[in-house]
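Examination of the molecular architecture
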Amino acid sequence: MTDEGYDHAAIERRWQDAWEAANAYRTPDDVADPTYVLGMYPYPSGKLHMGHVRNYTITDAYARYRRLRGDDVLHPMGWDAFGLPAENAAKERDTNPRDWTFDCIETMKGQMKSMGFGYDWDREITTCTPDYYRWNQWLFTRFHEEGLVERRDAAVNWCPSCETVLADEQVEGEAELCWRCDTPVETRDLEQWFLKITEYADELLDAIDDLEGWPNSVRQMQRNWIGRQYGTELSFEVEGHGDVEAFTTRVDTIHGATFFALAPDHPISEELAETDADVRRFIEEEADPDGDEPNGVETGLTAENPVTGEAIPVYVADFVLSEVGTGALMAVPAHDERDHAFAEKKGIEIRPVIAPEPKAADAEEADAEEAEPTIPDVEEAAFTDDGVLVNSGEYDGLDSETARERLTEDIDGASEATQYQLRDWGISRQRYWGTPIPVVHCPDCGPVMVPEDDLPVELPEFINTTGNPLDAAEEWKETTCPECGGPAERETDTMDTFVDSSWYPLRYVSPDLEEAPFDLERANDWMPVDQYVGGIEHAVMHLLYSRFFTKVLADHEGLEHREPFENLLAQGMVQLEGEKMSKSKGNVVSPQRIVEEYGADTARLFMMQAAQPERDFDWSEEGVRSTNRFLGRLQALVEEHADAIAAADAATAGSGAAVDVSVEDDPIAAYVTDEVDAAVAIATAEYDDLTFNVALREAQELVRTLRSYADYVDDPDPAVLGRGLSAAVRLLAPVTPHLAEELYARLQGMDPTDDPESAVTEGVVLAAAWPEAAVDRETVRKRRRLVENTREDVRQIVDVAGIEDPESIDVVVAPDWKYDALEIAIDSDADNLIGELMAEDHIRERGDAAAAYGQDLQAEREALSMTLRGDAEYEALRAAAWLIEREFDAPVTVVRAEATADDVARNAEPGRPAIDIEE
RNA sequence: GCGGGGGUGGCUGAGCCUGGCCAAAAGCGGCGGACUUAAGAUCCGCUCCCGUAGGGGUUCGAGGGUUCAAAUCCCUUCUCCCGCACCA
């Protein structure tokens, strides 16, 4: 690097030390309602990767921004410290998960500090400490008391490689692979602990509509996951087996049910397998629930259709899933594609009972004899839409929806039923490194909750074994029953780590509290999290479980919030050449290297200005270098002028207070002042929206303008330049905090290298206020457009007219009466605009000119919009005149139309000055 | 299949909700110029077509429609991406 580099290492170190010494990011317990900004806490895997850096730069930038705006901010960090990788790593390295985890935490914490993330480390939480996980246990017992915990024998997803059970959510794709190690998942029957999240299924689903601060994609994914369906539950009597429950959403098609199907693991199927060799062979060998082809075997039994009394054949079929509905279904080949395929294969009758709704037009034509529905041809393909019933006896002619209601009412034992795809949450894991489930198994009393006073149940020392280390910890396992005092054994399963993360935002509120998981009163004040940021991979699991926990805590613990996260941002990926960075692809860019080479500020700024936070973007070394150069130039610019600025007026320049510059005295300074306001107005709005990329572009643009000013003018006004630099530095401060602090101190005449203490205590951006803009965005937009259009017009004229070397350029701003006329035209709804205009004396006086302009206005009537007023346009153009002079190397005169010759002024309109160029 | 989000100038990508200063931001790439011994960096322009005074023409996946006016609203259609899925 060259003359433009700056000593990022020294600067970053200096300010990181300063912040730490000043405890700058501490949020005291007594603040009323801080803005709660949270990034998803990381799993301490060893090193920070780019995804982390992006995630936490977003939250840090937003937290810093809110702080500069004067908010109290809560911005904590912690560790999702339980989990399988620690166990595997411990085995590999012959250590234990605890030491390995804490090593990782130390490393990552150091990296976070070197990135300059401003966390309240006094609130740090680490889920693998008894201080934290005791509350998982406590919550488990509370859930139990409220009837939200269940122990049942369940077929579970078992990963043979991880030797543990997985939640449904942790099984990926059609191939059913373990989310961690991609091993095909097997099924096992085990006694498992479940949290009854299904009790909250309706609320979890319905409340999604109100999560307006969440991305639609995530909301939709949760809706799908919960998968609520309304239908009918009814029973078919299967000969020899009594009533068998089936669920259907299409009871209107029941007259077309031509067979009945059972899942291979349905109790009846299993019973049949014992005596029927064909059924057994099918279940054991042929059934392939993952295959595309529906397969099945006839049982020889029949089921009685509860409506028609008809006896239909019963099959065991592999496309029937025991987890869906009741594991048994009435099949209607005519109106269901899957049933149709199966019926075709087995030669089962396909009987249409729904016809398309006759078209309204047809109905009218055939009015007299009532439009007969046309029975669809279902031999080739099923007709799956709703329609009108046919071949359905007394129900003929009803529309599907009405028929469903009527049939559900009429059929004996049938009832409306709701099905969910959401299952209860199995939290048992046969692993060591997690929260021990606080249960004791007594031969006499059965499973007994560990009493609150005996919590936490702490993990024993790690034992390196192939199975579950807790099972091998004999001494630990042996205990007495809390109820009868007899000998008993501890539960050896631990909890899914998603339990830990389901309530951790609450723990930050009172991380050291010993009486409860969280301070209720403060949590009520501080929650919910105002802005949550993390990866889309948690769209369902973590975010759904957290919502569930929050609702339970609201119902039973007095929490006054039912949702944990008000606004959610799912950040995009950091890619390299369009591909996700991953170790296996070997295309990983190390944040550490970037920080060492360019500094944390460069890394942060590059990431934030590269793209909107929710978008994927490509890492580019070139982009990083150019960002680094930008910071170098900014630093040099401040350095060059700092002394003059500080000397001129430390109070004014440093604080960025309004500077009084008139266009008359110093048009260029006025232009710069306007641009400072413009940048502040826009960047502020963009920071509010978390569109850092736009905000930062504005800040960078401002620096460019300031540099042009300093270069173009012989002696730039230190007050003007100082105000601009001070604003620019603060606009960048959320993203490049170290350099911002350094430069802010310099602008106030301090030398942080000589006098770090006072620079820290007096100069910090942290203590400064966000810059204020003297204009609104709309004015900025109009002003910039005017200047830009005018410059472009001059260029065009010069170009089209072939003017080689302009002698002088006159810019004539329209007379006030035209602005008045424009305003009247916009407000007016009169047919004859000219008449209305001529009613104004001062316009009528203009004679032909007024009539001509009136006609123009009339012609574009609907498209008119208000510009700045004449004097504002005049000022803006005067201030910008230097840009034109600089470009064409010719003097530019900006005048009002009143002060110039009529023939030129005639062309001037609001928003569009007349231009006259002398060759 | 169901649900969600897209298709914009050489590329990336804003705009679309709330129609009109939108031939359409910004960045990249390309071209020209300034600076420099030179390169790099930086700065100033240009980058759909035509045009000797700011003009005109044709564009925003395709086709229709609404409107004085459509990239923006409506309908149809093609296509890409993401999530879920033998879901009863």
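Anyway, here's the lowdown on the structure attached to this text. (Residues numbered from 1 in each chain as written. Chains lettered and ligands numbered in written order. Predicted model: local features only at pLDDT ≥ 70, side-chain atom pairs only at ≥ 80, totals over all residues. Heavy atoms only, no water.)

**Topic: the overall build of chain A**
Note the following rule: Secondary structure elements follow DSSP: runs of H or I of four or more residues count as helices, runs of E of two or more count as strands, with numbering from the N terminus. When a residue's accessible area, from a 1.4 Å probe over protein chains only, is under 20% of the maximum for its type it is buried; when over 50% it is exposed; and in between it is partly exposed. Whether two residues touch is decided by their heavy atoms; if any such pair falls within 4.5 Å, the residues are in contact. Throughout, the Shrake-Rupley method with a 1.4 Å probe supplies accessible areas, and for residues the shown protein chains are the sole cover considered. In this tally, Asp and Glu contribute negative charge and Lys and Arg positive charge; neither His nor the terminal groups of the chain are included. The atom standing in for a charge is NZ when the residue is Lys, CZ when it is Arg, CG when it is Asp and CD when it is Glu.
Secondary structure assignment for chain A yields 33 helices and 33 strands. Each principal axis of the C-alpha distribution contributes one length, and for chain A these read about 110 × 85 × 50 Å. Put simply, chain A has 919 residues, and 54% of those count as buried. In chain A, 74% of the contacts between residues at least 6 apart in sequence involve partners at least 24 apart. Only carbon and sulfur atoms are counted for the fraction: they give 42% of the accessible area of chain A, which is about 40,200 Å². For chain A, the distance from the average position of its 78 positive side-chain charges to the average position of its 200 negative side-chain charges is 5 Å.

**Remarks on the pairing of strand S11 (residues 242-248)**
Applicable threshold: Between any two strands, at least two bridges found by DSSP are needed for them to pair.
Across 7 bridges, strand S10 (residues 229-238) lies against S11 in antiparallel orientation. Residue pairing in the sheet places Glu 237 in a bridge with Asp 243 of S11. Taking the residues between adjacent antiparallel strands as the criterion, S10 and S11 are bridged by 3 residues, where Gly 240 takes a positive phi near 85 degrees.

**Quick word on the protein's contact with RNA strand B**
For clarity, the threshold we go by: Proximity is defined per residue: if any heavy atom of the residue lies within 4 Å of a molecule or strand, that residue is considered near it. As used in this structure description, the phrase polar contact means that two N or O atoms lie within 3.5 Å; if the pair is within protein, one of them must be able to donate a hydrogen and the other to accept it, and residues adjacent in sequence are counted only when both atoms belong to side chains. Under the scheme applied here, ten amino acids are nonpolar (Ala, Val, Leu, Ile, Met, Phe, Trp, Tyr, Cys and Pro), four are charged (Asp, Glu, Lys and Arg), and all others, including Gly, are polar.
Lining the immediate surroundings of RNA strand B are 49 residues, of which Gln 229, Thr 248, Leu 321, Arg 338 and Arg 615 lie closest. Restricting attention to atoms of RNA strand B within 4 Å of the protein, one finds that 50% of them are sugar or phosphate atoms. Between a sugar or linking oxygen of RNA strand B and a main-chain N or O atom of Thr 248, the distance comes to 3.2 Å. At a separation of 2.9 Å, a base nitrogen of RNA strand B approaches a polar backbone atom of Pro 913. The element contributing the most residues to the surface near RNA strand B is helix H27 (residues 777-800), with 7 residues. Of the residues in the surface near RNA strand B, the class split is 16 nonpolar, 13 polar and 20 charged.

**Focus: the packing of aromatic side chains**
Keep this limit in mind: Two rings from Phe, Tyr or Trp (for Trp, the six-membered ring) form a pair when their centres sit within 6.5 Å of each other. Planes less than 30 degrees apart are called stacked, planes more than 60 degrees apart edge-to-face, and all others tilted.
Tallied over the entire structure, the rule returns 37 aromatic pairs. Relative to Phe 342, the ring of Tyr 315 lies with its centre 5.3 Å away and its plane at 90 degrees, an arrangement referred to as edge-to-face. Of this pair, Tyr 315 sits in strand S14 (residues 311-317) while Phe 342 is found in helix H10 (residues 337-346), placing the two residues 27 residues apart along the sequence. Look at Trp 425 and Tyr 545: their rings are 3.6 Å apart centre to centre, the planes differ by 0 degrees, and that puts the pair in the stacked class. Taken together, the residues span a long stretch of sequence, with Trp 425 in strand S19 (residues 425-426) and Tyr 545 in helix H18 (residues 541-556) at a distance of 120 residues. Residue Trp 425 is classed as buried on the basis of its relative accessible area of 2%. In this structure Tyr 545 comes out as buried when scored by relative accessible area, which is 1%. Cluster of aromatic residues (ring-pair linked, three or more members): Phe 143, Tyr 200, Trp 425, Phe 498, Tyr 545, Phe 548 and Phe 549.

**Examining the packing of helix H22 (residues 667-688) against helix H24 (residues 718-732)**
As a reminder of what qualifies: Structural elements are reduced to axes, namely lines fitted to C-alpha atoms, with helices fitted over the stretch in contact, and the angle between N-to-C directions of any two is expressed from 0 to 180 degrees. Angles below 35 degrees are treated as roughly parallel, those above 145 as roughly antiparallel, those between 65 and 115 as roughly perpendicular, and all remaining angles as oblique. What makes a crossing left-handed is the near helix being turned counterclockwise from the far one by less than a right angle; a clockwise turn instead makes it right-handed.
Interaxial distance between H22 and H24 falls to 10 Å at its minimum, and their mutual angle equals 15 degrees. Taken together, H22 and H24 sit at an angle that is classed as roughly parallel. The two elements H22 and H24 cross, and the hand of that crossing is left-handed. Here H22 contributes Ala 669, Val 672, Thr 673, Val 676, Asp 677, Ala 679, Val 680, Ala 683 and Tyr 687 to the contact with H24, which in turn contributes Val 720, Arg 723, Gly 724, Ala 727, Leu 731 and Leu 732.

**Here's the deal with the packing of helix H8 (residues 267-275) against helix H9 (residues 277-286)**
Viewed as axis vectors pointing N to C, H8 and H9 meet at an angle of 120 degrees, and their least axial separation amounts to 6 Å. Compared by their axis directions, H8 and H9 come out oblique. In this structure, H8 meets H9 at a crossing whose hand is left-handed. On the side of H8, the interface is formed by Ser 269, Leu 272, Ala 273, Glu 274 and Thr 275, while H9 contributes Ala 277, Val 279, Arg 280 and Ile 283. Split into classes, the residues belonging to the contact of H8 with H9 amount to 5 nonpolar, 2 polar and 2 charged.

**Observations concerning the pairing of strand S5 (residues 149-159)**
Inspection of the sheet shows S5 paired to strand S9 (residues 186-195) by 10 bridges, in the antiparallel sense. Note that in S9 the partner of Ala 154 across the bridge is Leu 190. As judged from the 3 bridges shared by S5 and strand S6 (residues 164-166), these two strands associate in the antiparallel manner. Bridged to Trp 158 within S6 is Val 165. A loop of 4 residues connects S5 with S6, the two strands running antiparallel in sequence, and Glu 163 in this loop sits at a positive phi of about 55 degrees.

**Description of helix H7 (residues 216-226)**
What counts here: Regarding the arc, it is the one traced by the directions from the helix axis to the C-beta atoms.
For H7, the complete set of buried residues consists of Val 218, Arg 219, Gln 222 and Ile 226. Here the buried residues of H7 occupy an arc of 100 degrees about the axis, which is enough to place them on one side. The secondary structure elements touched by the buried residues of H7 are helix H6 (201-206), H18 and strand S27 (565-571). Just past H7, the residue Gly 227 takes up positive phi, approximately 55 degrees.

**Observations concerning the sheet that holds strand S26 (residues 529-535)**
Sheets are built from strands paired through backbone hydrogen bonds, the pairs being either parallel or antiparallel. Strand order in this open sheet of 4 strands is S2-S1-S26-S27, and the pairing throughout is parallel. With partners counted over all chains shown, the strands left at the sheet margins are strand S2 (73-74) and S27, one partner each. Where S26 meets S27, 6 bridges bridge the pair, whose relative direction is parallel. Looking at the pairing, Gln 531 lines up with Asn 567 of S27. Its contacts with the sheet place helix H2 (residues 50-68) against strand S1 (35-39), S2, S26 and S27, and it is angled at close to 170 degrees to S1.

**Some points on the side chain of Lys 551**
Mapped onto the elements, Lys 551 comes out in helix H18. The buried category is assigned to Lys 551, whose relative accessible area is 1%. Those residues in contact with Lys 551, other than ones at most four positions away along the chain, are Tyr 200, Glu 203, Leu 204, Ala 207, Arg 562 and Glu 563.

**Some details on the sheet that holds strand S29 (residues 579-580)**
What the 3 strands build is an open sheet, ordered S29-S28-S30; its pairing is mixed. Taken across any chain shown, the strands that pair with only one partner, and hence form the sheet edges, are S29 and strand S30 (617-618). Taken together, the 2 bridges between strand S28 (residues 574-576) and S29 define a ladder with antiparallel strand orientation. The residue bridging Gln 575 from the neighbouring strand is Lys 580, located in S29.

**Looking at the environment of Thr 384**
Residue placement: Thr 384 occurs in the loop between helix H11 (360-365) and strand S17 (388-389). Ignoring sequence-local partners within four residues, the contact set of Thr 384 consists of Arg 250, His 335, Asp 336 and Glu 337.

**Let's talk about the nonpolar core**
What counts here: The definition of a nonpolar core used throughout is a set of buried Ala, Val, Leu, Ile, Met, Phe, Trp, Tyr and Cys residues joined through side-chain atoms within 4.5 Å.
In this structure, Phe 140, Trp 425, Phe 548 and Trp 619 are the most contacted members of the largest nonpolar core, which totals 185 residues. No other element matches the 10 residues that H22 contributes to this core. When sequence neighbours within four positions are dropped, the list of residues in contact with Trp 619 reads Met 50, Val 574, Gln 575, Leu 576, Met 581, Val 589, Ile 594, Phe 606, Met 607 and Val 624.

**So, the environment of Leu 725**
Mapping Leu 725 onto the fold places it in helix H24. Separated by 19 residues in the primary sequence, Leu 725 and Tyr 744 have C-alpha atoms spaced 8.6 Å apart.

**Focus: unusual backbone geometry**
A cis geometry characterises the amide bond from Leu 455 onward to Pro 456, with omega recorded as 0 degrees. Secondary-structure assignment places Pro 456 in the loop between strand S22 (446-449) and helix H13 (469-472). The phi dihedral of Asp 94 falls on the positive side, at around 55 degrees, and the residue is not glycine. Structurally, Asp 94 is set in the loop between helix H3 (84-93) and helix H4 (97-115). Since its relative accessible area comes to 66%, Asp 94 is described here as exposed.

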